[in-house]
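Residue strings, one per chain:
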Amino acid sequence: MKNISVIGVGYVGLVTAAAFSDLGNRVVALDINEEKIRNLESGIMPIYEPGLAEMVARNVRAGRLSFTTDYAVAAKDAEFVFICVGTPEGVDGEADLQYVRMAAESLARVMEHPLIVINKSTVPVGTGDWVAEIIRSTQPKPIEFAVVSCPEFLREGSALSDFMAPDRTVLGSENQSAADAVAQLHLPLRAPIVVTDLRTAEMIKYASNAFLATKISFINEIANICESLGADVEEVARGMGFDKRIGRSFLSAGVGYGGSCFPKDVKALKHMATLRGKHPQLLQAVIEINDFQRSIPVRKLQEMLGGNLNGKVIGLLGLAFKPGTDDMREAPALSIAEMLRAQGAIVRGYDPVSMSNVARTHPWIDLRQDAYDLVAGCDAVIVVTEWNEFKQLDKERVRDLMARPILIDGRNIYDPAYMRSIGFEYRAIGRGYNGEGTRNGN
Ligand code: UDX
């Protein structure tokens, strides 16, 4: 059992705190937001993540997990301090490090004994050295510490299982014994551990996310080419995916990537490169393709509705940036809603879990109680998020409820031949000419 503190109870911090306490460590989780901490103490989670509330409750009950807003409490017995604060996108696409700075300074002021500071937030390459410098210059008296980078690779919606069964753990430090101590903490996860220097570890995170985003933009570009050549991108991805060098994952064409990581990290990496006089052409293309992809459902609708969306009622089936989360950060649904609104359409939305977040930021989206309520009277519907419950819908009922059965399947979840056979004017992404489906019935 080790004593661990986690600074920041956002996505990464809360999952890290819950998981390390579940592995038998004593964990104190800190946030400067008092309301968040009060809520957590009474079992209310700040985010929706499957299994998280139960894991937090179990470890609080067992006395292994506690919450605080006081840095002195968090630092008191800590051997390891994880920095998991947000690094939002700044004005030029660079990461905004103000919360990392605050965390490092606040910790430095109350440090009473040597400890290891582990950075999990996604930070520009070189931040680890900068954090060390901040701590050193803020400490009232010199106390030994080491900085280790341990980037997170968690996906929202499966963050706990990703944490407990990672593909790898990456550790970067100039201090070998600190890296070894952090490696020990991760041994129960039974994953390969890559130990390297600080800057390389920080870069591994950006390169991994940029590569995955590139795969998505690649298949989206292929999807668009498929539409002009009459090929089916779903079959293309399947055929490519059996090649072990390629793999099938992250080759699902759709309305583009969103979320708290890919958009921000690709832009931040591009920014870091540009600052140093490089021309990251591939990253630029990845970003442009992703922006374009969000406009595709709207372009398809314009074509099907004779170029005029004014006064048309358009329903968005799914709002979250992907299934299994209520996170609306960089969600394609919001860009699509804005584009439709700009053209005078009346925008409706339904999502199984993210509607309260959308209501706060986009009160002009007419939010409906369920999928059938959403489609009733719509001139067209766009599938934006591939929630399972949408796959199971009674399609004939959907068709009968709509004013006109136009369906843009932005995530390719339906069978084009079947949808057309029951009377939908159906368009998918990259499936045959204009996304209408291929001749062999798909
Ligand atoms: C991602 C990384 O996977 C994770 O390792 C990192 O730590 C944080 O960023 P997350 O943002 O939770 O995780 O979601 P992910 O499942 O990776 O999907 C990201 C976006 O890409 C979603 O909008 C999703 O719809 C889209 N996507 C994903 C596609 O459009 N096609 C695909 O084939 C895969």
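Just above sits the structure.
Residues numbered from 1 in each chain as written. Predicted model: local features only at pLDDT ≥ 70, side-chain atom pairs only at ≥ 80, totals over all residues. Heavy atoms only, no water.

K.L.:
Explanation requested: the packing of aromatic side chains in the structure shown.
P.N.:
For any pair of aromatic rings, geometry is given as the distance between the ring centres together with the angle between the planes. Enumeration over the complete set of coordinates arrives at 5 aromatic pairs. Judged by centre distance (6.1 Å) and plane angle (65 degrees), the ring pair of Phe 250 and Phe 262 falls under edge-to-face. Taken together, the residues span a long stretch of sequence, with Phe 250 in the loop between helix H10 (233-241) and helix H11 (262-275) and Phe 262 in helix H11 at a distance of 12 residues. Residue class for Phe 262 comes out buried when judged on its relative accessible area of 13%. Note on Tyr 257 and Phe 262: the rings are 5.9 Å apart at their centroids and 85 degrees apart in plane angle, and the pair reads as edge-to-face. Like Phe 262, Tyr 257 is buried. Sitting over the ring of Phe 153, Arg 168 keeps its end group 3.6 Å from the ring centre. (Phe/Tyr/Trp six-rings, centres within 6.5 Å; stacked < 30°, edge-to-face > 60°. Helix = DSSP H or I, 4+ residues; strand = E, 2+ residues; numbered from the N terminus. Buried < 20%, exposed > 50% of the residue type's maximum accessible area, 1.4 Å probe, protein only. Lys NZ or Arg CZ within 6 Å of the ring centre and 35° of its normal.)

K.L.:
Whenever I open this one, the pairing of strand S7 (residues 169-172) confuses me. Can you help?
P.N.:
For a regular strand, side chains alternate in direction, first toward one face of the sheet and then toward the other. Because side chains alternate across S7, one face comprises the buried residues Thr 169 and Leu 171, and the other comprises Val 170 and Gly 172, equally buried. Taken together, the 4 bridges between S7 and strand S8 (residues 193-196) define a ladder with parallel strand orientation. Paired with Gly 172 across the bridge in S8 is Thr 196. Where the polypeptide runs from S7 across helix H8 (residues 176-186) and back to S8, its parallel neighbour, the crossover connection is right-handed. (Pairing = 2+ DSSP bridges. Right-handed = clockwise from strand over helix to strand, strands pointing away.)

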